[in-house]
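Overview (structure and organization)
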Amino acid sequence: MTAKLALHKRVRRRARSQAVSVVGKFGSLLKRVPIYWFAAIPLAAVILGIWDLAATAADPQGIEIPETLDADYVQGILNTVWILVASVLVIFMNAGFAMLEAGFCRQKNAVNILSKNLIVFALAMVAYWAFGFSFMYGTGGNGFIGAGGFFLSSGDPATYGLDPFPAGLPISVSFLFQVAFAATAATIVSGAVAERIKYDAFIIFSLLLVGISYPITGHWTWAGGWLSELGFTDFAGSTIVHSVGAWAALVGAAILGPRLGKYDEEGNARAIPGHNMSIATLGCLILWIGWMGFNPGSQLAADSAISYIAVTTNLAGAAGGVTGTFTAWIKDGKPDLSMSINGILAGLVGVTAGCHAMPYWGAALTGAIAGILVVFAVGFFDSVLKIDDPVGALSVHGVCGIWGTLAVGIFGGGNIVHQFIGIASIGGFTVLFSFIAWYAISFVLGGIRVHEEEEMKGLDIGEHGMEAYSGFVKDTASP
Amino acid sequence: MTAKLALHKRVRRRARSQAVSVVGKFGSLLKRVPIYWFAAIPLAAVILGIWDLAATAADPQGIEIPETLDADYVQGILNTVWILVASVLVIFMNAGFAMLEAGFCRQKNAVNILSKNLIVFALAMVAYWAFGFSFMYGTGGNGFIGAGGFFLSSGDPATYGLDPFPAGLPISVSFLFQVAFAATAATIVSGAVAERIKYDAFIIFSLLLVGISYPITGHWTWAGGWLSELGFTDFAGSTIVHSVGAWAALVGAAILGPRLGKYDEEGNARAIPGHNMSIATLGCLILWIGWMGFNPGSQLAADSAISYIAVTTNLAGAAGGVTGTFTAWIKDGKPDLSMSINGILAGLVGVTAGCHAMPYWGAALTGAIAGILVVFAVGFFDSVLKIDDPVGALSVHGVCGIWGTLAVGIFGGGNIVHQFIGIASIGGFTVLFSFIAWYAISFVLGGIRVHEEEEMKGLDIGEHGMEAYSGFVKDTASP
Amino acid sequence: MTAKLALHKRVRRRARSQAVSVVGKFGSLLKRVPIYWFAAIPLAAVILGIWDLAATAADPQGIEIPETLDADYVQGILNTVWILVASVLVIFMNAGFAMLEAGFCRQKNAVNILSKNLIVFALAMVAYWAFGFSFMYGTGGNGFIGAGGFFLSSGDPATYGLDPFPAGLPISVSFLFQVAFAATAATIVSGAVAERIKYDAFIIFSLLLVGISYPITGHWTWAGGWLSELGFTDFAGSTIVHSVGAWAALVGAAILGPRLGKYDEEGNARAIPGHNMSIATLGCLILWIGWMGFNPGSQLAADSAISYIAVTTNLAGAAGGVTGTFTAWIKDGKPDLSMSINGILAGLVGVTAGCHAMPYWGAALTGAIAGILVVFAVGFFDSVLKIDDPVGALSVHGVCGIWGTLAVGIFGGGNIVHQFIGIASIGGFTVLFSFIAWYAISFVLGGIRVHEEEEMKGLDIGEHGMEAYSGFVKDTASP
């Protein structure tokens, strides 16, 4: 009883005489608005204009349930359920990338990396809905870029080159699956430019990549563009998603330069260990299951091929994990956990282009080779090219994305010359686009890299005013 | 060989002469049993009485597989698979809430929060099975509360107002999906009362909320009660799940009062930073994918609407993440990670009521407004109402749950007056019930808040006798 | 503009004059290769020989989509989608075990545990593909061991005792589901031998367990061997998966002996607290949802039983969580988080054998009893048997696996004598196999336990040359 009274008194005491202070608090809002954000106003005007077109949106649910379940309808619902589940798995990969990248970086930059991964997915969703999906799949364009049906405003599947449901997929689930892929490309960039890029520079670049560049190169293959007519095969995106992310990241990382302390006076690379191997490992395992949406979902239908693709995908990931671990063990004398992780991811990236067409042993071999490649590629970027990539994204997604696309020509019945043309043209365009985009952003923002003092103290304080692990004592002497 | 011998000796040495000490150890059990737990005995008797009725349980698997696959059967299996998968996603939200809430609190209270989240789900499952599901959906009651078929003892779907499988869902999967929702309501409470509530007070309240209060208000809408007859629309529970949890939390947080040190001498709110932004972000991303079971699963069937709902849900979450981030950026000058997280969750909560009926742009706008609302609501609770909510649950689930329910009247074809009546009646009942429940518990346990010294040292030591991060040096000077 | 120039200069300066150093760096590779790894060469030769047989692999996608969707085809696709999803959930359990085990151990051994969990899944996948699946399900063997179709080389389902798709499951998804189970058995071992076993000893043992021992005992029941003919029932593997893992772990933990510091001079057990309860709790919740693939997926078809099984599974897990928490509370005076976690897992393990055949109340009771058992079992191993099991794996998977298998005879219509024979024969074989395997490995590697100094410093530095949480200050005085 006395406890109840005491509680009451405490509540009343706190609430007294403080309500007035709130007006002053809210009055101080808006005082530190970065001026360049007002650039958003004309952009918003453009978006609102397009939005107006979207107001004639399709009937929400779109499709009537038939009186009797015919074969097409059943297949259509099977497709819908499966691709929706696959989309969930691919979207879950955002959590995988966030944990992997944060874990591989230092604790003083963790908030920054986590923030980037969250906002980039949210922005990618909005941008891909507004125009990215139309640039990629809209049938109102040409062989270079698609157009039409912005903001998912069209209820006609033909606007996006889709067969009508129930023979094909509902527009909604097609969009959901594709937007998850688009966000992946941007997330790959996040890792390679981590621990030194300005937050605003990164999110502007991501918008441009997801909204414009990725849809254009994706259009060339997955929307019946010139590369698909040539015969280039990239089933689930070793090149179209993974190496695109890596090329964009390569340009960014090269322009940014290495993190402070990464190279000593003689230019020798120094290891900068990640701060949380537990969440990095969790990230790897989340990505592993996410890939079971990524690759089998790319069949875009529920049929018996999906489980075949799931097995080739798993075999390649496993083989990459084994060879990555043992290669690092032989090379450095210790089984390095980060190479087990990168080996698994390398195998998964490698099999992505040909997972539907390779025999099991071809998939396992593709993954095994990717697991070896990634170990040497990490050393190559680190010590030869001197490009600082904190999480190994260039090696995993770039080198192994290219390897996997070529492997379709070796184990999957593809034409290796066509594969090479696809890799080179998509890579060339992405490098060019990224170069222009990074420099344009640098021009607008006055550089894309944080100040030295901020980098020393960590981007969490500098960019976000908070730390990731409050209440723990940190070792500030560590690099 | 010598190594083998050494191993052997070590094992044998340890095992010698110690087996006797065990009897004494086990003899000291039961010595510190909190006396009030013996109150469980009459409760157990009641449960066993009802259990007896349950012994006439339905045939485990219930339904025969037909000789030929007719249309109803196929649709029934499609429904079963989809809703089972959706249930898994919603149950996974427990992990999301656990990581989010733990991450946003201090490390000295992490074990307590994790424990609460685990036990509340386990208890919710048992209570909802025993009576909650019957109170909510049992057709043996009236417009206020349901009854009948306790302990899932009835094999007749009509007992729970269900269409028979295969036209409808199996009873089992209906229960599974609904119990996951019920547990969510209790989990929301957990966050707002964190870092100062007694463990036993919380779990008793959760039992009452999940077992009695939530089923009653849920019955009014989702089981054909008076609100559904009125025309109130809450498709997946912005009000029925989220704001119910928030109202119960509001009463609890107000009675508890703020954490020690939350307000200074002049009553100004002080920030108490969370201890682990990595797991908080992970929690947000788990919740995001969980919502793809929560909302599309609420269609309670596998049809083409599920992917439409998935897209509205994602657009709202993304839009909320974007506006939450930028609102905080403009307001405070920094893009605050916790506001990116809360913005995403706000958007998801907001779209929950109308995700099936809104056009895409309406869903995006609902989410965008929720993302702005949540930033100001957090400040409002913190600085104006002086209600201390460590994780922002009242703003995310309460304010945005209400907003989302009203938004059905704006963008989703609902009647805004009916929406308001639903919000007010469900909120009013929950506040009344919670007020009585919290005070009754406080009376029985002699208060619901831990002692000051315990709060200072952390609830992990005081309530659980363990710490979350053994082996790390903590900064005891932090708040 | 000046920022751009500065960036450029920095990049160019770093890249200069350092490209030559790379040859020397790569030249020093291979210098610390552990000599016994060359034993891999003859093994590789054997594998390549079998591989040659695999080159005649089946057509990748295997099955034609029929012109019209007949009933068998629809059921086949439903099965494929559902079992693929279930496989994803079971594979996700690797993340659950990794987080659980790492969290329950000390931070100085976290990298080692995470590494083990990653590599064991990758190796299990390769070994089970190469020969494990054939030893378990190949119809070319006898009642003791299967054979035929190594490397999934056969396109004929009868090779693996499978009904042809669409009446049954595609070979690919059968393999995927089964390999996930096989890996679970090895992962269970990982926890019990943690913090003192050599990395290479563990992975060799895992290969033997997953590739040979587990398939043999699994063959006896799940592939129509002598135990299934006898009438032994183990629906989803309380014995075949969980107790097998625990028996193998028991032998390993007994041979290894306890961790340094686990027992004081008088032989009294000392608590060695885990380092990260947040990820341990996350692991528990991941395992919980993984079990919704594990048990309902074991129906091996998409029918109405799957949701029934999902509910029995959930009720048992919940009941185990409740009784585990309260038993520990009564026993020790505090609700111990690790006992909430182990109670949930105990309930889930317990219901695994009979989840398809028990009434709801029987499942709940099975789980409730498992939750009580596990608390006392942990104390029993710790203080009576003096077997040091850092994560409680022997209690959760062994004791409760046995209990659950017997419970089929009590609540699930099974014959308790047959159940006992199954438990004893499978346990006996596994113990014998493990004993031989551990000693053989110890002989080859010169012991299976790390040196004392390495154990003191932590296996992360000793075995992997890295630490899990760089940048945090650790408390080296903690045990």
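Here, the structure is the one placed above.
Summary of the structure given here. (Residues numbered from 1 in each chain as written. Chains lettered and ligands numbered in written order. Predicted model: local features only at pLDDT ≥ 70, side-chain atom pairs only at ≥ 80, totals over all residues. Heavy atoms only, no water.)

Take the relation of the copies chain A and chain C next. Between chain A and chain C, which share one sequence, the superposing operator has a rotation angle of 120° and an axial displacement of 0.0 Å; the RMSD is 0.0 Å. In short, the pair behaves as if placed about a three-fold rotation axis. Within chain A, the C-alpha atom positioned nearest to the axis of rotation is that of A:Val473, 3.3 Å from it. Here only 11% of the interface residues in chain A have copies in chain C that are interface residues too; the copies meet through unlike faces. (Least-squares fit on C-alpha atoms with pLDDT ≥ 70 in both. Contact = heavy atoms within 4.5 Å.)

Once chain C has been moved 0.0 Å along the axis and rotated by 120°, it coincides with chain B to within an RMSD of 0.0 Å. Looking at chain C, a mere 11% of its interface residues are interface residues in chain B too, so the copies touch through different faces.

Turning our attention to the interface of chain A and chain C. Facing 87 residues of chain A, the contacting portion of chain C comprises 81 residues. Each partner contributes to the roughly 7300 Å² buried at the junction of chain A and chain C, and carbon and sulfur atoms together form 74% of this total. Area buried by chain A at its contact with chain C is led by A:Ser304, A:Trp329 and A:Trp361, which between them contribute 8% of it. Where chain A meets chain C, there are 8 residue pairs in polar contact (both at pLDDT 80 or more). Secondary-structure elements contributing two or more residues to the side of chain A that touches chain C are α4 (71-104), α9 (238-256), α10 (277-297), α11 (305-332), α12 (337-351), α13 (360-384) and α15 (416-445) of chain A. Per-element accounting of the side of chain A that touches chain C gives the leading share, 18 residues, to α11(A). A breakdown of the residues in the side of chain A that touches chain C according to their chemical character gives 53 nonpolar, 24 polar and 10 charged. (Buried area = accessible area lost by both parts, 1.4 Å probe. Polar contact = N/O pair within 3.5 Å; in protein donor to acceptor, adjacent residues only side chain to side chain. Helix = DSSP H or I, 4+ residues; strand = E, 2+ residues; numbered from the N terminus. Nonpolar A, V, L, I, M, F, W, Y, C, P; charged D, E, K, R; others polar.)

A few words now on the pattern of salt bridges. Taken as a whole and assessed by the stated rule, the structure comprises 21 salt bridges over all chains. A salt bridge links A:Glu195 to A:Arg106, with the shortest nitrogen-to-oxygen separation between them at 3.1 Å. With a gap of 89 residues between them, A:Glu195 in the loop between α6 (171-192) and α7 (199-222) and A:Arg106 in the loop between α4 and α5 (110-137) connect regions that are remote in the sequence. The same class applies to A:Glu195 as to A:Arg106, namely buried. Across the pair C:Arg259 and C:Glu195 runs a salt bridge, and its minimum N-O distance is 2.3 Å. Highlighted residues: C:Arg259 in the loop between α9 (238-256) and α10 (277-297) and C:Glu195 in the loop between α6 (171-192) and α7 (199-222), separated in sequence by 64 residues. Side by side, C:Arg259 and C:Glu195 carry an identical accessibility label, which is buried. (Salt bridge = Lys/Arg side-chain N within 4 Å of Asp/Glu carboxyl O. Buried < 20%, exposed > 50% of the residue type's maximum accessible area, 1.4 Å probe, protein only.)

What follows is about the packing of aromatic side chains. Here the structure, examined in full by the defined rule, presents 87 aromatic pairs over all chains. Judged by centre distance (6.5 Å) and plane angle (75°), the rings of A:Phe380 and A:Phe381 are edge-to-face. Judged by relative accessible area, A:Phe380 falls into the partly exposed class, the value being 37%. Here the aromatic rings of B:Trp220 and B:Trp226 are separated by 5.5 Å at their centres, their planes lie at 50°, and the arrangement is tilted. Three or more aromatic residues joined by ring pairs form one cluster here, namely A:Tyr469, A:Phe472, B:Tyr469, B:Phe472, C:Tyr469 and C:Phe472. (Phe/Tyr/Trp six-rings, centres within 6.5 Å; stacked < 30°, edge-to-face > 60°.)

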